[in-house]
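Observations on chain architecture
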Amino acid sequence: MLVRNPVTPPGYECLAGVVPIVHAPRMERSAANVRSILETGAGALSEVLVVEPPELEAMLISDEDWEQAPRENTYTYPPGLPYFTRSVHPPVLVLPTTLSPTFQPQTKATYPLVVWHELTHAFLLQKEVVRTPAWLGEFVSQASAAAIARRAGLPLAEHLSQIDRGPGFTIRALRGHVDAEEQMAFQNLLLLLGVAALEEFGEGFLERLVHAMWEETNTVDEERAEELLANALGSGGRTWLRSRPEF
Ligand SMILES: [Zn+2]
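Throughout what follows, the structure given in this document is the object of discussion. All figures in this text were calculated on a predicted structure; none of them were measured in a lab.

In this section: the coordination of the zinc ion. Each protein donor to the zinc ion is listed here as H117 (NE2), H121 (NE2) and E138 (OE); together their distances run 2.0 to 2.2 Å. One chain supplies every donor to the zinc ion, and in sequence these donors are spaced H-x3-H-x16-E. Of the two residues, H117 sits in helix α2 (residues 110–124) while E138 sits in helix α3 (residues 134–152), which places them 21 residues apart along the sequence. Among the residues examined, E138 registers a relative accessible area of 17% and is labelled buried.

See the structure below:
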């Protein structure tokens, strides 16, 4: 029998699977779709990162129940934005039934990419990770989502063609308070960089990078973050990275 999180809103049902999904009433079809996305993602990530899937649940929450979703803070998060939380056990991927319009571009690839992004956070955080610049952890999620898409045969060309390639900053330059639009542009730059890295170096760098992050014992600064990524990419990694407009 599945033990549900104590925070499950009334009337919610559970769909069993590799990642059990607690979902809003009358959302069986969406839940089945999410299950398929999660199973594809968990299987691919286990192989790419060479690690077992973490203990995890997903919750598919409707907008009207959003404030009942588990989270770290007292304040409700903005609706429509998926997140991963370790505030309950097992940890939970909180997924909205409708994605916020701040996610751009909106294509057939958007929802799976967003789910795989959050799933990768869950994989990475199943072991202790020291503090790193935010771009490094987010890069792992975006590049992994792209790697899963490639394996699953999800065409990314149309999605990538709609991304603004020159938002006026690079992934390392974005600091301090950022609005939703800048956050999206930042994530899209990381996706472009991830896709380019997969094309240039293959997917093996993801395993090397994640395992190197688990082995770090001190706070990772900007210089060390670049070194970790360049080393994971392999021969010519640093030169290639510095040649990238997103970096
Ligand atoms: Zn993220």
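One pass over the full model with this rule turns up five aromatic pairs. A ring pair is formed by Y77 and Y83, whose centres lie 4.5 Å apart and whose planes are at 65 degrees; its orientation type is edge-to-face. Judged by its relative accessible area of 10%, Y83 falls in the buried class. Their ring planes at 85 degrees and their centres at 5.5 Å tell us that W135 and F247 sit as a pair that is edge-to-face. In this pair, W135 is assigned in helix α3 and F247 in the segment after α8 (237–243), connecting sequence segments 112 residues apart. Both residues of the pair, W135 and F247, count as buried. Grouped by ring-pair contacts, the aromatic residues W66, Y77 and Y83 constitute a single cluster. Looking at K127, its charged tip hangs above the ring of W214, at a distance of 4.3 Å from the centre.

When charged atoms on two side chains of opposite charge get close, those side chains can pair. One pass over the structure, following the stated rule, counts eight salt bridges. Among the salt bridges present, the one from E216 reaches R224, with a minimum N-O distance of 2.6 Å. Accessibility expressed as a relative area gives 16% for E216, which makes it buried. Each of R172, E226, R238 and R242 takes part in one network of salt bridges that share partners.

Further remarks concern the environment of H117. Assessed through its relative accessible area of 7%, H117 is described here as buried. Note: C-alpha distance between H117 and E72 (45 residues apart in sequence) is 19 Å.

Analysis parameters
- Residues numbered from 1 in each chain as written.
- Predicted model: local features only at pLDDT ≥ 70, side-chain atom pairs only at ≥ 80, totals over all residues.
- Heavy atoms only, no water.
- Donors = N, O, S within 2.8 Å, 3.2 Å for Na, K, Ca; no water.
- Helix = DSSP H or I, 4+ residues; strand = E, 2+ residues; numbered from the N terminus.
- Buried < 20%, exposed > 50% of the residue type's maximum accessible area, 1.4 Å probe, protein only.
- Phe/Tyr/Trp six-rings, centres within 6.5 Å; stacked < 30°, edge-to-face > 60°.
- Lys NZ or Arg CZ within 6 Å of the ring centre and 35° of its normal.
- Salt bridge = Lys/Arg side-chain N within 4 Å of Asp/Glu carboxyl O.

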